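As a plain string of letters, each chain reads:
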Amino acid sequence: MKVAIVGSGYVGLVTGVCLADFGHEVVCVDNDQTKVDRLSRGEISIHEPGLGELIKSNLAAGRLSFTSALSEAVPTAEMVFISVGTPSRRGDGHADLSYVYAAAEAVAGHLSGFTVVVTKSTVPVGTGDEVARIVDSANPDADVEVVSNPEFLREGSAIDDFKRPDRIVIGIANERARTPMAELYRPLYLNQAPLMFTDRRTAELTKYAANAFLAMKITFINEMADLCEAAGGDVQQVARGMGLDNRIGPKFLHAGPGFGGSCFPKDTLALVKIAQDFGSPMRLVETTISINDQRKAAMSRKIVAACGGEVRRKTIGVLGLTFKPNTDDMREAPSIDIIGDLLDKGARVVAYDPQGMRAAAELMDNVEYAASAYAVAENADALVIVTEWNEFRSLDLARLRRAMASPVLVDLRNVYSYEEVAKHGFTYFSVGRPD
Ligand code: UGA
């Protein structure tokens, strides 16, 4: 099939490249010409395992191309994906739909023949109706079906998530959109991925519901971790005992410094706003947001306590800055608030992250950046693991210990166990486990 992707950000790029890899003919559009030029040479500016290779092989196969001109992509396309950003609107937390609506209007003028216009961006309920109205008023002759097809991929494992999804949710307003959508995803369907057809509004709500539920699940286990610390218990074993129940499942039950990233914080807030607008508040999600917000301050208090109640003029080494491993994304990373707090309290902060230091340096210029975990440990009064990159899982603890001024390890991701670090002489603090 011939596919146009409008918006070559994270979701658009992964969608376009993976669809090209299925054999479709894909043109990705972006209004940033520099980005288009770089992508056309197979260069990407984000860190996502496997993405660069897939772009290069599909460019070489002639199935994938990039342009800044809608006129080169839309008229021939049977399907046009809108995958532009929906950031939180400044001031009120609603999703900012101006990019989606501008894209819909711009696309409308180039449509030719029957075209399915698919919203891939995370959008509030009713956006598909508005996109259909915009397209219709901008180009009354256009023959379109507007479909909602939310994306569930995770940063760091996006290619795998796209190619092996748990499900594909497709919201249609009219039966004639069904066949082209089924055809588009045929390779996945053949791989047994359930294709769930529903109405457009339900699809839009499903995306927010899934993200909010996962955010809630993480927040639940984080509060459980606090209770384990207070009452004496091991949150990892509690999570295991819970997760073995099929109705609960083991995933997203890892206690930590709170959720971050470009999706959960923004989408939980948007869902709360949508629900309030409809007079049907989602109080569990409201509470989830506030607990998660408070968690970062609680984590910096934990670090201060581990340092004997005072961090002024102490050197705190931070391992991991990004909101999760295998990405260079710093958006809403818990490290930002935690480090900000430590700096406010007079600490010197030295940090290392395998991929996130460039983005971090733009956000935090009074942090010193080091070249490795061992360089961070040099003369540190405490080391804090904030992001669970694989390279932090098997550190040479004896070497770290020797480099440090005082052997305090605060493990906010429960990467180590008390036994393995205690034998190297560390004082160890983790999350929701006996110290
Ligand atoms: C999330 C969803 O998982 C995807 O399904 C969704 O498509 C995506 O948002 C989106 O809407 O675009 P992502 O933000 O890439 O994906 O990352 P996650 O792996 O979900 O992690 C989010 C945050 O939760 C991270 O800060 C992570 O450290 C934290 N987390 C996750 C925990 O603290 N504990 C866990 O058990 C799991």
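Computed from a prediction, not measured in an experiment: that's the story for all the values here.

Observations regarding the pairing of strand β12 (residues 382–385)
Here's step 1: Across the two faces of β12 the burial is the same, with A382 and V384 and L383 and I385 all buried.
Here's step 2: In the sheet, β12 pairs with strand β13 (residues 408–411) via three bridges, with the strands oriented parallel. Its bridge partner lying in β13, I385 is registered against D411.
Here's step 3: Between β12 and its parallel partner β13, the chain crosses via helix α16 (residues 397–403), and the hand of that crossover is right-handed.

Details of unusual backbone geometry
Here's step 1: If you check the backbone angles, R313 has positive phi at about 60 degrees while not being a glycine.
Here's step 2: Tracing the chain through its elements places R313 in the loop between α12 (283–306) and β9 (315–319).
Here's step 3: Judged by the 9 C-beta atoms lying within 10 Å of it, R313 falls in the exposed class.
Here's step 4: Backbone geometry at N326 places phi at a positive 65 degrees, although glycine is not the residue there.
Here's step 5: Among the secondary structure elements, N326 is positioned in the loop between β9 and α13 (334–344).

Considerations on the site of the ligand
Here's step 1: Close to the ligand lie 21 residues, the nearest being E155, H254, F259, G261 and C263.
Here's step 2: Every element with two or more residues in the shell around the ligand is listed here: α9 (200–231) and α11 (264–277).
Here's step 3: Broken down by element, the residue count for the shell around the ligand peaks at three residues, all from α9.
Here's step 4: Class assignment for the residues of the shell around the ligand results in 10 nonpolar, six polar and five charged.

Quick notes on the sheet that holds β9
Here's step 1: The strand order across the open sheet built from six strands is β11-β10-β9-β12-β13-β14, with neighbouring strands paired in parallel fashion. Edge strands, defined here as strands with exactly one partner in the open sheet, are β11 (368–369) and β14 (427–429).
Here's step 2: In this fold α12 packs onto β9, β12, β13 and β14, with an angle of close to 160 degrees to the strand it touches most, β13.

With respect to the packing of α11 against α12
Here's step 1: The interhelical angle for the contact between α11 and α12, taken along N-to-C directions, is 140 degrees, at an axis separation of 9 Å. As for how α11 packs across α12, the hand of that crossing is left-handed. Together, T268, L269, L271 and V272 of α11 and V285, E286, T288 and I289 of α12 make up the contact between the two elements.
Here's step 2: Of the residues assigned to the contact of α11 with α12, the class counts are five nonpolar, two polar and one charged.

Quick word on the domain arrangement of the chain
Here's step 1: In terms of domain boundaries, the chain breaks down into domain 1 (2–193) and domain 2 (206–435).
Here's step 2: Computed over C-alpha atoms only, the centres of domain 1 and domain 2 are separated by 33 Å.
Here's step 3: Counting from both sides, the interface comprises 17 residues of domain 1 and, opposite them, 17 residues of domain 2.
Here's step 4: Of the residues assigned to the side of domain 1 that touches domain 2, the class counts are nine nonpolar, six polar and two charged.

Quick look at the UniProt feature "domain: UDP-glucose/GDP-mannose dehydrogenase C-terminal" (unreviewed entry) in the chain
Here's step 1: With numbering matched to this structure, UniProt assigns "domain: UDP-glucose/GDP-mannose dehydrogenase C-terminal" (unreviewed entry) to residues 317–418.
Here's step 2: Across residues 317–418 one finds 30% helix and 18% strand; the C-alpha atoms that close the span lie 19 Å apart.

Looking at the UniProt feature "binding site: NAD(+)" (unreviewed entry) in the chain
Here's step 1: Following the UniProt record, one finds the feature "binding site: NAD(+)" (unreviewed entry) at D30, K35, T86, T122, E155, K266 and R331. For the residues just named, distributed over 302 residues, the greatest C-alpha separation reaches 25.0 Å, placing them at more than one site.
Here's step 2: Mapped onto the secondary structure, K266 falls in helix α11.
Here's step 3: Aside from chain neighbours lying at most four places away, what touches K266 is P87 and S88.
Here's step 4: Here R331 lies in the loop between β9 and α13.

Rules of the game
Residues numbered from 1 in each chain as written. Predicted model: local features only at pLDDT ≥ 70, side-chain atom pairs only at ≥ 80, totals over all residues. Buried ≥ 20, exposed ≤ 12 C-beta atoms within 10 Å, placed from the backbone. Helix = DSSP H or I, 4+ residues; strand = E, 2+ residues; numbered from the N terminus. Pairing = 2+ DSSP bridges. Right-handed = clockwise from strand over helix to strand, strands pointing away. Near = placed C-beta within 6 Å. Nonpolar A, V, L, I, M, F, W, Y, C, P; charged D, E, K, R; others polar. Contact = placed C-beta atoms within 7 Å. Axes fitted to C-alpha atoms, helices over the stretch in contact; angles between N-to-C directions. Left-handed = near helix turned anticlockwise from the far one by under 90°. Domains from an automatic or database assignment. UniProt positions renumbered as here; feature names shortened; annotations may be inferred.

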